[in-house]
Amino acid sequence: MTPELEHDRNQQAIAFVARLGAALQRYGTPANRLDEVLLLLSKELGLKGSFFSTPSAIFYSYDLPGERGFARLQRIYNKDLDLSKLSQLDRLFNEVCDGTISLIEGANRVDKITADPPPYQRWLTFVCFGLTSAMASTFFGGGGAEMLLSGATGSVLGLLYLWSATNQAVGRLFEPLGALLVSVTALSLAGTLGASSDIATLAGIIILVPGFSIAIGATELALGHPASGVARLAGAMVTFLMLTMGVMFGQQITSFFGVDASAEFTPAALPIWVEPLALLVAGLSLGILFKAARRDLPWTVAAVMLPYLAFQLGIADLGLEASIFLGALIAGVFSNAFARWKDRPSLIVRLPGILILVPGATGFLSLGDLANGDVLEGVQAMVRVLMTATALVTGFLVSNAVLPPRKAL
């Protein structure tokens, strides 16, 4: 190969790696996985590269024989967790490494994947916001009235989400504005429905609680990616603060307009079959909200049900930290087995499992306690968050040793 042809091929390879890296970062790939993918891809393409990523940027550096070194900083905008596109990019990665398609065609395919519309209609996304919140209320001890009220708060959040998709200004304020609307809706309708506004508020904003960021950030720190891990955990803390502020503003607004939120309602007990059914529906709705492909929805349901079954079989009796560790171990082994068997990213089923296990709701409540002046309770709750997050990350790391993933994603 002449130097000119080798130079052109190197540039095509670098351009493809940059496009694929930006897309993977945009759709939710953690730093430890992203760096491993880019290193493996560069090696397959005959390039010697080094990479450094944060939640909002990727640094590329290449040592090209006979040429000057190549370095680039690539900013990542428009973050959007999309498991179906992540699966398509994973398949494209395999095809390029196998030589099935050319680098130019691969780069064009990346552009096409990122430009494709979401896999589900807007109305279905709206419905799933309400369903997820309604089902989540049962996990917090809610009854039938709380399910109804939580469904209403989740639906309000779903409407705001659809609006934010077409309005950039609303999108920037999605978390605090969503928490405010959920709080106002819960407090305004609680008396009419005879439901607990606290449960409905927590269930309504559960989709916004950054449990995924907590788990991923802690994992990145444990695996030697401090810049990305600290940035992700800091972002999660800011989201917690914005949610707390939104809920407090909602309480102040309803109080200003004379809404009496002092009444307390005891949730009615639900039949024993409701909670498993709620987990089934939550698995489907979460899969749709995370834009998992239709063929993967049964697996997202299984990922949600698995920790529940493990807890029902008695691991919860071992104590909080030990039960979270074992739940994460089971979920991690399951996700790695899925990736090996189906040759698709493990994140497709790992993410729903993470959301069932992570202490996001406890973290939100701890900030609420601090904001209301109950410092001791707030600090104790925050310590529980840190301990359970550590147990969660340890469980996932051990799962990789028990059943190592066959592929980078």
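Going by the structure above, here's the rest.
Attention in this report is confined to the structure presented alongside it. (Residues numbered from 1 in each chain as written. Predicted model: local features only at pLDDT ≥ 70, side-chain atom pairs only at ≥ 80, totals over all residues. Heavy atoms only, no water.)

To continue, consider the sheet that holds strand E3 (residues 70-75). Taken together, 3 strands build an open sheet; the order of strands is E1-E2-E3 and the sheet is antiparallel. Edge positions in the sheet fall to strand E1 (49-54) and E3, since each of these pairs with one other strand and no more. Between one strand axis and the next, the sheet turns through 10 degrees on average, direction left out of account. In the packing of helix H2 (residues 31-44) onto the sheet, the strands contacted are E1 and strand E2 (57-62), and the crossing angle to E1 comes to about 160 degrees. (Pairing = 2+ DSSP bridges. Helix = DSSP H or I, 4+ residues; strand = E, 2+ residues; numbered from the N terminus. Axes fitted to C-alpha atoms, helices over the stretch in contact; angles between N-to-C directions. Contact = heavy atoms within 4.5 Å.)

The end-to-end C-alpha separation of helix H3 (residues 83-98) is 23 Å, in line with the 22 Å expected for 16 residues at 1.5 Å each. Residues of H3 that are buried include every one of Leu 83, Ser 84, Lys 85, Leu 86, Ser 87, Leu 89, Asp 90, Leu 92, Phe 93 and Val 96, and no others. Looking one or two places after H3, you find Gly 99, whose phi comes out positive at around 80 degrees. (Expected span 1.5 Å × (residues − 1). Buried < 20%, exposed > 50% of the residue type's maximum accessible area, 1.4 Å probe, protein only.)

How two aromatic rings sit relative to each other is set out by the distance from centre to centre and by the angle between their planes. Applying the stated criterion across every chain, the model contains 9 aromatic pairs. Between Phe 51 and Tyr 60, the ring centres sit 5.7 Å apart and the planes meet at 85 degrees, which makes this aromatic pair edge-to-face. For Phe 51, a relative accessible area of 13% corresponds to the buried category. Among the residues examined, Tyr 60 registers a relative accessible area of 3% and is labelled buried. (Phe/Tyr/Trp six-rings, centres within 6.5 Å; stacked < 30°, edge-to-face > 60°.)

A word on unusual backbone geometry. Backbone geometry at Lys 291 places phi at a positive 60 degrees, although glycine is not the residue there. For Lys 291, the position within the fold is in the loop between helix H12 (274-289) and helix H13 (297-312). Relative accessible area serves as the criterion here: at 8%, Lys 291 is assigned to the buried category. Of note in the backbone geometry, Asp 343 takes a positive phi value of approximately 55 degrees without being a glycine. As for its position among the elements, Asp 343 is in the loop between helix H14 (320-342) and helix H15 (347-357). Asp 343 sits in the partly exposed class, given a relative accessible area of 44%.

So, on to helix H4 (residues 103-115). Taking 1.5 Å of rise per residue, 13 residues should cover 18 Å, and H4 covers 19 Å from first to last C-alpha, within 8% of that figure. All of the buried residues along H4 are Leu 103, Gly 106, Ala 107, Val 110 and Ile 113. The buried residues of H4 all sit within an arc of 120 degrees when viewed along its axis, so they share a single face. Those residues of H4 that are exposed and aimed more than 90 degrees away from the buried face are Ile 104, Lys 112 and Ala 115. (Arc of directions from axis to C-beta.)

Take the packing of H3 against H4 next. Think of two packed helices as two axes; the pair is described by the angle between the axes and how far apart they sit. Where H3 contacts H4, the axes come no closer than 10 Å and their chain directions differ by 175 degrees. With respect to H4, the element H3 is oriented roughly antiparallel. Of the residues in H4, those touching H3 at Lys 85, Gln 88, Leu 89, Leu 92, Glu 95 and Val 96 are Leu 103, Gly 106, Arg 109, Val 110, Ile 113 and Thr 114. Class assignment of the residues belonging to the contact of H3 with H4 gives a composition of 6 nonpolar, 3 polar and 3 charged. (Parallel < 35°, antiparallel > 145°, perpendicular 65-115°, else oblique. Nonpolar A, V, L, I, M, F, W, Y, C, P; charged D, E, K, R; others polar.)

Attention now goes to the nonpolar core. If you look at the biggest cluster of nonpolar residues, it comprises 79 residues, and the most contacted ones within it are Phe 16 and Tyr 62. Take this core: its biggest share by element is 9 residues, from helix H1 (residues 3-26). In terms of nonpolar packing, the next biggest core, distinct from the first, is built from 6 residues, Ala 134, Met 135, Val 274 and Ala 282 among them. (Core = buried A, V, L, I, M, F, W, Y, C linked by side-chain atoms within 4.5 Å.)

Time to look at the environment of Ser 164. Relative to the elements of secondary structure, Ser 164 occurs in helix H6 (residues 144-164). Not counting residues up to four positions away in its chain, the partners in contact with Ser 164 are Val 170, Gly 171 and Phe 174. Within polar-contact distance, the side chain of Ser 164 engages the backbone oxygen of Tyr 161 at 2.7 Å. (Polar contact = N/O pair within 3.5 Å; in protein donor to acceptor, adjacent residues only side chain to side chain.)

Inspection of the secondary structure assignment puts Ser 87 in helix H3. Excluding residues that lie within four positions of it along the chain, Ser 87 makes contacts with Arg 295, Arg 344, Pro 345 and Ile 348.

Further remarks concern the environment of Thr 300. Within the secondary structure, Thr 300 is located in helix H13. According to the relative accessible area criterion, Thr 300 is buried, its value standing at 0%. Each C-alpha atom of the pair Thr 300 and Leu 280 lies 9.4 Å from the other, and the pair is 20 residues apart in sequence. Residue contacts for Thr 300: discarding those within four places in its chain leaves Gly 283, Gly 287, Ala 292, Ile 348, Val 349 and Pro 352.

Mapped onto the elements of the fold, Gly 46 is located in the loop between H2 and E1. Measuring from C-alpha to C-alpha, the distance between Gly 46 and Asn 10 comes to 8.4 Å, with 36 residues separating the pair along the chain.

Turning our attention to the pattern of salt bridges. Using the criterion set out here, one finds 6 salt bridges in the structure. Lys 291 is the partner of Asp 80 in a salt bridge, and the nearest nitrogen-oxygen pair spans 3.3 Å. Remark: Lys 291 occurs in the loop between H12 and H13 and Asp 80 occurs in the loop between E3 and H3; sequence separation between them is 211 residues. Taking the shortest distance from any N to any O, the salt bridge between Arg 232 and Glu 220 comes out at 3.0 Å. Of this pair, Arg 232 sits in helix H11 (residues 226-256) while Glu 220 sits in helix H10 (residues 211-222), placing them 12 residues apart in sequence. Comparing Arg 232 with Glu 220 shows no difference in burial state: the two are buried. (Salt bridge = Lys/Arg side-chain N within 4 Å of Asp/Glu carboxyl O.)

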